Amino acid sequence: MNPWAWRHGALLLLATTLGCGDDAAPQAGTEATGAEGSSTQGALTTTTTATGTADDTVDDDTTDDGIDASDSGSTGAPTQCGNGIVEPGELCFLPPSYVQVGMAPADVIAVDIHGDGLADLVTANVGGSSHTIAAGLADGTFGRPTDIAAGSGTRGIAAGHLDDDGNLDLVGANQGTNYIALYFGDGRGGFTPQMPVAAGDSPRQVRIVDVDGDGDADIVTAAEESDDVNVLLGDNSGSFVPAVAYPVGPNPYDLALDDLDGDGNPDIVTANEGENTVSVLWGQGDGTFEPEQRHTVDVGARSVEIADVDGDGSLDVVAACFDSGVVAILLGDGARGFADYVPLPVGKEPYAVEAADMNGDDRLDLVTVNRASAEVSVLLGMPGPMPFSDEFSFLLTRNVNSNPLAAALGDFNEDGVPDIAVVAAGASAVAVLLSDP
């Protein structure tokens, strides 16, 4: 389950612009940090748009670093960004700062690698065939990054306990070399050299989940070229049985696991970019899965998240649809049924979607990373029925040629509010947006 609370639907839109670019190597002239991870922060400009993609009407009030309840149309009491008080309903971020990582990062996770209670950042760098680890500090900044070698074209990264030594380990998905790589951690930020393991053709994304209920971590991958997910069962010693492949829709870009039908077993959902569908594979509790069920979403499904969007107690599926500029929401009934998808407009080319309560009002919000419009969109959950009849947009601008491709959420500065880390592939950096309550 996502560590942040899930609640009701009906969403508002906030977009934080980070820059633009393409899904390739970094471009010259971009502003990024040095090795220590510090950078110059630019001023924010706030614009307001009703029902749309946040591009048109300029709000003259540009003094705040975020959106508060009085700006967003909330019926609650006005709040003030920057006063140090976490007030439900406020959405406040400082300008982004940047942590330099390997070339063209494609994925990022926030996890406590060092066991000190602070979130660290780990990236998968498709251009550099490496992973970068940046240790988190208590003020929300990050220490000097270190790199570990990966397979060619690494695009996915996951963390978990692959053996019984109590230290977090890593798994990377390497498209270019057709394997996943295991890295065993020493608890101090160090890792063994990669251990290649076969897991489908062109593995693009990876997750670590106990799918057979034995208490040991297992590995699940989405393999883009073989159009399948691969399940590798672990024995808690760092060893895994050969992968078992389960067909899904064409070109699975992403996957998520959770118990969609309430039977206690993790289920798999993939985002199938080649067919505008998601595939659902129902877990049977012993590490095996039933044949897929496909559900139509909008064009270009590239990322998927599982969350209770409408607050009815049943988990739903959310897909970021790259070519159509929307997130598609499939409401689940908890009994293996899903309603037809509801599209919600976000920025251009949404590449990834995450879910969390971003403004402390105990309702689920959605965060998307939009490549072409180079922005992060935060869709704020509001009380009321689907299908999200009230939509407004707020835009915080930052002109950096960054090519955002993925995001991770975590409380980096320990203020009780989620922060956002976005891979800026065009700048070979991670843009960190710290909350500013």
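Keep in mind it's a predicted model, so treat the numbers as computed, not measured.

Rules and cut-offs
Counting starts from 1 at the beginning of each chain's written sequence and moves along it residue by residue. Where totals are concerned, whole chains, interfaces and linings use all residues; where local detail is concerned, this predicted model gives features only for residues with pLDDT of at least 70, and gives and counts side-chain atom pairs only at 80 or more. The basis for the side-chain values is all heavy atoms of the structure; hydrogens and waters are excluded. Pairing between strands is defined by DSSP: at least two bridges between the two strands are required. Only DSSP runs of H or I with at least four residues qualify as helices, and only runs of E with at least two residues qualify as strands; both kinds are numbered from the N terminus onward. Helix axes are fitted to C-alpha atoms over the stretch in contact, other axes to C-alpha atoms as well, and angles between N-to-C directions run from 0 to 180 degrees. Each residue gets one of three labels from its accessible area relative to the maximum for its type: buried under 20%, exposed over 50%, partly exposed in between, using a 1.4 Å probe on protein chains only. Residues count as neighbours in contact if any of their non-hydrogen atoms are within 4.5 Å of one another. Any two rings among Phe, Tyr and Trp, with Trp reduced to its six-membered ring, count as a pair given centres within 6.5 Å; such a pair is stacked if its planes are under 30 degrees apart, edge-to-face if over 60, and tilted if neither. Two conditions define a charge located above a ring, namely a distance within 6 Å from the ring centre to NZ of Lys or CZ of Arg, and an angle within 35 degrees of the ring normal. Polar contact criterion, stated in full: a pair of N or O atoms within 3.5 Å, where within protein one must be able to donate a hydrogen and the other to accept it, and residues adjacent in sequence count only if both atoms are side-chain atoms.

Undergrad: I'd love a proper account of the sheet that holds strand 20 (residues 277–281), names of residues and values included.
TA: Spatial ordering of the open sheet is given by 18-19-20-21, a layout of four strands whose pairing is antiparallel. Here the strands that pair on one side only, and so sit at the sheet edges, are strand 18 (252–258) and strand 21 (293–296). Ignoring strand direction, the axes of neighbouring strands in this sheet form an average angle of 20°. In this structure, strand 18 lies alongside strand 19 (residues 267–272), joined through six bridges in antiparallel fashion. What sits directly across from D254, in strand 19, is A271.

Undergrad: Can you lay out the side chain of N359 for me, pointing to particular residues and giving the numbers?
TA: Assignment of secondary structure puts N359 in the loop between strand 26 (350–356) and strand 27 (365–370). You can call N359 buried: its relative accessible area is 6%. The residues touching N359, leaving out its near neighbours within four places in the chain, are E87, P88, G89, E90, L91, D365 and L380.

Undergrad: I'd like to hear about the packing of aromatic side chains, residue by residue, with values.
TA: All told, the structure shown has three aromatic pairs when counted by the stated rule. Ring centres of Y246 and F289 lie 5.8 Å apart, and the angle between their planes is 80°; on these two criteria the pair is classed as edge-to-face. Note that Y246 is positioned in strand 17 (residues 244–247) and F289 in the loop between strand 20 and strand 21, a separation of 43 residues in sequence. Judged by centre distance (5.7 Å) and plane angle (90°), the ring pair of F322 and Y351 falls under edge-to-face. Taken together, the residues span a long stretch of sequence, with F322 in the loop between strand 23 (316–321) and strand 24 (326–330) and Y351 in strand 26 at a distance of 29 residues. Across this residue pair, the class does not change: F322 and Y351 are buried. Sitting over the ring of Y253, R204 keeps its end group 3.6 Å from the ring centre. For R302, the ring lying beneath its charged end belongs to F322, and the centroid distance is 3.6 Å.

Undergrad: Describe the side chain of E90, naming the residues involved and giving the relevant values.
TA: With respect to the helices and strands, E90 occurs in the loop between helix 1 (69–72) and strand 4 (91–92). Separated by 3.2 Å, the side chain of E90 and the backbone nitrogen of E87 make a polar contact.

Undergrad: Please give an account of the sheet that holds strand 15 (residues 218–223) that cites residues and values.
TA: Spatial ordering of the open sheet is given by 14-15-16-17, a layout of four strands whose pairing is antiparallel. A single partner strand is all that each edge strand has here, and the edge strands are strand 14 (203–209) and strand 17. Strand-to-strand twist in this sheet, taken as the mean axis angle between neighbours without regard to direction, amounts to 20°. With four bridges connecting them, strand 16 (residues 228–232) and strand 17 associate as antiparallel partners.

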